[in-house]
Amino acid sequence: ASERYLVRVSSDYLLRFLYEISQVFQGDLVLGIVFITVAMSSINHLRLDDEVRPFAGDGVVPDALRRPVTVLSVAASLGMPRETVRRHVWHLIERGYCVQVKGRRVLVTEEIMRRPELFAAVANNRRHLKAMVAAIRRADLMINTPAAA
């Protein structure tokens, strides 16, 4: 029963997260997922404790620490065709949510990450994540508390 509860709680979080990101991109969930993958791929090399913590004021990693990524690497990490990802990345560039740098590499910049609609989505996601963690903690308490005699 506890595993089902955890699946329900985590699924609820995932659906809320997907909804938030799709709203930023006018309901285009795939575009949102490609955006997140580009943004996260450019900072995955960082160790949170050592390199990002000094910039944790608003949670945005400076451009100096970001690494541009290729469409091929994004496609591979998503398991999607390169051409499909390339079209979505082109839409991100057209809409100003991504920039092309160093030839064919792309980057979601610090400035883009500070856009109000992204800050709102991140704030909502943080709220949903906290709710999920609280629900998991409550479940753990219920599971680990001995039944009354």
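Description of the structure in this document. (Residues numbered from 1 in each chain as written. Predicted model: local features only at pLDDT ≥ 70, side-chain atom pairs only at ≥ 80, totals over all residues. Heavy atoms only, no water.)

So, on to the nonpolar core. Grouped together as the largest cluster of nonpolar side chains are 24 residues, with contacts concentrated most on Phe-25, Phe-35, Val-38, Val-89, Leu-92 and Tyr-97. Only helix H1 (2–24), helix H2 (29–41), helix H4 (71–78), helix H5 (82–94), helix H6 (110–113) and helix H7 (116–144) provide two or more residues apiece to this core. Ranked by the residues each element gives to this core, the list is headed by H2, at 5 residues. Ignoring anything within four residues of it in the chain, the contact list for Val-89 reads Val-34, Val-38, Val-71, Cys-98 and Val-106. (Core = buried A, V, L, I, M, F, W, Y, C linked by side-chain atoms within 4.5 Å. Buried < 20%, exposed > 50% of the residue type's maximum accessible area, 1.4 Å probe, protein only. Helix = DSSP H or I, 4+ residues; strand = E, 2+ residues; numbered from the N terminus. Contact = heavy atoms within 4.5 Å.)

The contact between H2 and H4 brings their axes to 10 Å, and the two run at 115°. Here H4 runs roughly perpendicular to H2, going by the angle between their axes. For H2 against H4, the interelement crossing comes out right-handed. Between H2 and H4, the contacting residues are Ile-33, Val-34, Thr-37 and Val-38 on the first element and Val-74, Ser-77 and Leu-78 on the second. (Axes fitted to C-alpha atoms, helices over the stretch in contact; angles between N-to-C directions. Parallel < 35°, antiparallel > 145°, perpendicular 65-115°, else oblique. Left-handed = near helix turned anticlockwise from the far one by under 90°.)

Okay, the packing of aromatic side chains next. For any two aromatic rings, the description comes down to two numbers: the centre-to-centre distance and the angle of the planes. If you walk through the whole model with that rule in mind, you get 4 aromatic pairs. Ring plane angle 50° and centroid distance 5.2 Å describe the contact between Phe-25 and Phe-35, whose orientation is recorded as tilted. Taken together, the residues span a long stretch of sequence, with Phe-25 in the loop between H1 and H2 and Phe-35 in helix H2 at a distance of 10 residues. Given a relative accessible area of 1%, Phe-25 falls into the buried group. Ring geometry for Phe-35 and Tyr-97: centres 6.0 Å apart, planes at 85°, overall edge-to-face. Note that Phe-35 is positioned in helix H2 and Tyr-97 in the loop between H5 and strand E1 (99–101), a separation of 62 residues in sequence. Accessibility assignment for this pair places Phe-35 and Tyr-97 in one class, buried. Put simply, the rings of Phe-25, Phe-35 and Tyr-97 touch in pairs and so form one group of aromatic residues. Looking at Arg-115, its charged tip hangs above the ring of Tyr-97, at a distance of 4.4 Å from the centre. (Phe/Tyr/Trp six-rings, centres within 6.5 Å; stacked < 30°, edge-to-face > 60°. Lys NZ or Arg CZ within 6 Å of the ring centre and 35° of its normal.)

Another point: the side chain of Thr-37. By the element assignment, Thr-37 lies in helix H2. In contact with Thr-37, other than residues within four places in its own chain, are Val-74, Ser-77 and Leu-78.

Moving on, we get to the pattern of salt bridges. Throughout the structure, instances matching the rule amount to 5 salt bridges. Here Glu-83 makes a salt bridge to Arg-86, at a shortest N to O gap of 2.5 Å. One end of the pair is Glu-83 and the other is Arg-86, both in helix H5 and 3 residues apart, which spans about a single turn. By relative accessible area, Arg-86 is classed as partly exposed at 34%. Here Glu-117 ties to Arg-115 by a salt bridge, and the two come within 3.9 Å at their closest N and O atoms. (Salt bridge = Lys/Arg side-chain N within 4 Å of Asp/Glu carboxyl O.)

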